[in-house]
Amino acid sequence: MKKYILLVITLLLLTSCGKKCECENYQEKDVGTISNVNKVDDELPEVNFLVLGLYAGNVKKSQLTGLDVYNFDAVIKSESSISKHNYTGVKLNDFLNHLKIELKDPIKTVNFGGIDQAIVKYNKEEINDDLWLIFKKDGKQIKLYDEEKYFTLINLKENTRSWTYGVMRIIIDK
């Protein structure tokens, strides 16, 4: 029995030597935690999407000049785990303000349509600082269909299932 215990301890020591565990155990209470927020000079992707409803028009990269871009770490929840990632993007509120879209009466909802035809709907009161339009994750440009021209709408407090991948249209409704 002593030999077995010594063998197990030796194997554990050998397999863990020189390896630093970089994993952390995040819990439900950590979801939405944001840290290391810094303005960066990253260039926005070549976006081109529609704004429909009470505000209408085409949004292109050239209209977003001067919009603050941030790099930040956030703890997010996917369907199988809770983990921390690094993102680059713009605050949704900053984006809407930059385009002079005011969320006041008679506006009641803002819908975001993705490249996959999915639509995520928010009441205007739900538009807050937990919503970001990101274009990089862990230092890599987010690619959809081999193109780098899309924002992904993320809600730091929600499961990644509720994110809108490849925002193609924003619909401002009564």
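Further up the page is the structure itself.
Structural notes, computed from the coordinates. In this text the structure is predicted, and so the values were computed from the model without any measurement.

Thoughts on the packing of aromatic side chains
Okay, so step 1: Within this structure, the stated rule accounts for nine aromatic pairs.
Okay, so step 2: Summarising the aromatic geometry, the rings of Phe72 and Tyr87 are spaced 5.7 Å apart at their centres and angled 35° between planes, so their arrangement reads as tilted. Taken together, the residues span a long stretch of sequence, with Phe72 in strand β4 (residues 69-77) and Tyr87 in strand β5 (residues 82-91) at a distance of 15 residues.
Okay, so step 3: Taking the relative accessible area as the measure of exposure, Phe72 reaches 0% and is therefore buried.
Okay, so step 4: The interplanar angle of 35° and the centroid separation of 4.1 Å between the aromatic rings of Phe72 and Trp132 together place this pair among those described as tilted. One end of the pair, Phe72, is in strand β4; the other, Trp132, is in strand β8 (residues 131-137), with 60 residues separating them in the sequence.
Okay, so step 5: In this structure an aromatic cluster arises from ring pairing among Tyr70, Phe72, Tyr87, Trp132, Trp163 and Tyr165.
Okay, so step 6: Sitting over the face of the ring of Tyr70, Lys91 holds its NZ or CZ atom 4.8 Å from the ring centroid.

Topic: unusual backbone geometry
Okay, so step 1: Looking along the chain, the bond that leaves Asp105 and enters Pro106 is cis, with omega of 15°.
Okay, so step 2: Topologically, Pro106 is positioned in the loop between α2 (92-98) and β6 (109-114).
Okay, so step 3: One non-glycine residue, Gln117, adopts positive backbone phi at about 75°.
Okay, so step 4: Topologically, Gln117 is positioned in the loop between β6 and β7 (119-123).
Okay, so step 5: The phi angle at Asp138 is positive, at roughly 50°, despite the residue not being glycine.
Okay, so step 6: With respect to the helices and strands, the residue Asp138 is situated in the loop between β8 and β9 (140-141).
Okay, so step 7: Relative accessible area serves as the criterion here: at 41%, Asp138 is assigned to the partly exposed category.

What counts, and at which threshold
Residues numbered from 1 in each chain as written. Predicted model: local features only at pLDDT ≥ 70, side-chain atom pairs only at ≥ 80, totals over all residues. Heavy atoms only, no water. Phe/Tyr/Trp six-rings, centres within 6.5 Å; stacked < 30°, edge-to-face > 60°. Helix = DSSP H or I, 4+ residues; strand = E, 2+ residues; numbered from the N terminus. Buried < 20%, exposed > 50% of the residue type's maximum accessible area, 1.4 Å probe, protein only. Lys NZ or Arg CZ within 6 Å of the ring centre and 35° of its normal.

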